[in-house]
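Chain residues, written in single-letter form:
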Amino acid sequence: MQSTPIRSFHIAAGCTPERATNVAKVRKGINGAQRLSLAPSAYPVLSYRAENRSNKQRLGDNHTALVLHMGLLDIFRWSRKATTILPTDIVVFLVGPSGSGKSWLLSILLEMAKTRIPVNKGQKPGTTKVYAERCHFEGLQSDIVLVDTPSFYTYEGPNAEKTVKKWIGSNYQKPEGAGILYMHNIASNRLDPNLEVSRHFSAFRRTFPPNLAPSAVHVVPTIALGAILSAERIDTSMTELRRQADNIGASMLGAPFDGRPETAWDVVQELLSEVLRYAN
């Protein structure tokens, strides 16, 4: 498929989600050159609201699956810090290298609940502990627990694999369902073996007891604030990331995450649809 002729992609440093409202919409600059700005409509995320009627007929009596197709952002009511995973919970783990946007995504997901999450803007690992937030939704019998994890294969401590394994051993029991949102900054060094999706995925799965590790994985490409990428670099990086996602059997968002709460929760919904398919 022929790609849109875009010259560059630029997210300014300090850009807020409100400013980053349109990715993948081509506009002409003063000099007539085409540039990529942010447009949510270009994201190939399932349109759950539009498919409500057919999904209700298809899902039948599966209450959790039925409510998930109503639009999570519309029914999100509150969140609070979680210390224990319950058998009725649906768990979403945020996994990925340092600087990939895990804490950034979590902060956007919790924006409506006015929950402040520290976001790392430097190169050092920003998340050194496991942090879990319980989210409650009107009409949904299960809470969704978002779990931010420290990065594996960083060049300085602490030992993330040991940290996550300890948290899993102390707080985790088999929930109703669980999945992984794997974050990856496509502006990062493609030649660094420590950024390979399979390495982080394998390290994360090793922190679980046998048969408890989540199987559903959705890869979310991001671009670091301030990064300027050519259209060729974006296309090459996305193709390589999709190859790595295929290698671990993961699905993938078709364009870099735009920083909008609507897109963030749609990404969670897409993952949870996969989680329910694994559960069934």
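Residues numbered from 1 in each chain as written. Predicted model: local features only at pLDDT ≥ 70, side-chain atom pairs only at ≥ 80, totals over all residues. Heavy atoms only, no water.

Caption draft 1: Molecular detail of the confidence of the model for the protein. Residue-level pLDDT values for the protein average 75, and 68% of them are 70 or greater. Every residue in residues 1-61 scores below 50 in pLDDT, and together they form 122 contacts with partners more than four places removed in sequence or on other chains. Every residue in residues 121-125 is under pLDDT 50, and counting partners more than four places away or in other chains gives 7 contacts. (pLDDT = per-residue confidence, 0-100. Contact = heavy atoms within 4.5 Å.)

Caption draft 2: Region of the structure containing the nonpolar core. F93, V147, W167, Y172, I180 and F204 are the most contacted members of the largest nonpolar core, which totals 37 residues. Taken together, the elements giving at least two residues each to this core come down to β5 (90-95), β7 (144-148), α5 (160-171), β8 (177-185), α6 (197-206), β9 (216-222) and α7 (231-247). Each residue touching W167, except ones within four places of it in the same chain, is listed here: I85, F93, V130, A132, V147 and Y172. I144, L253, V267 and V275 belong to the second largest nonpolar core, which has 30 residues in total. (Core = buried A, V, L, I, M, F, W, Y, C linked by side-chain atoms within 4.5 Å. Buried < 20%, exposed > 50% of the residue type's maximum accessible area, 1.4 Å probe, protein only. Helix = DSSP H or I, 4+ residues; strand = E, 2+ residues; numbered from the N terminus.)

Caption draft 3: Local environment of the sheet that holds strand β4 (residues 76-81). On the basis of which strands lie adjacent, the open sheet formed by 7 strands has the order β4-β6-β7-β5-β8-β9-β11 and mixed pairing. Each end of this open sheet is capped by a strand with a single partner; those strands are β4 and β11 (251-252). As paired strands, β4 and strand β6 (residues 131-137) are joined by 5 bridges and run antiparallel to one another. Each bridged residue has a counterpart across the sheet, and for K81 the counterpart in β6 is E133. (Pairing = 2+ DSSP bridges.)

Caption draft 4: Structural context of α6. For α6, every residue scored as buried is listed here: V197, H200, F201, A203 and F204. All buried residues of α6 lie within an arc of 165 degrees about the axis, which places them on one face of the element. Considering only its buried residues, α6 is in contact with β5, α5, β8, β9 and α7. (Arc of directions from axis to C-beta.)

Caption draft 5: Fine view of the side chain of S79. Within the element layout of this structure, S79 appears in strand β4. Given a relative accessible area of 16%, S79 falls into the buried group. At 2.9 Å, the side chain of S79 forms a polar contact with the side chain of E133. (Polar contact = N/O pair within 3.5 Å; in protein donor to acceptor, adjacent residues only side chain to side chain.)

Caption draft 6: Molecular detail of the environment of I85. Examined against the element boundaries, I85 turns out to sit in the loop between β4 and β5. Relative accessible area serves as the criterion here: at 1%, I85 is assigned to the buried category. Taking the C-alpha atoms as reference, I85 lies 8.0 Å from K174; in sequence the two are 89 residues apart. Residues contacting I85, with those up to four places away along its chain left out, are V91, V145, W167, N171, Y172, Q173 and P175.

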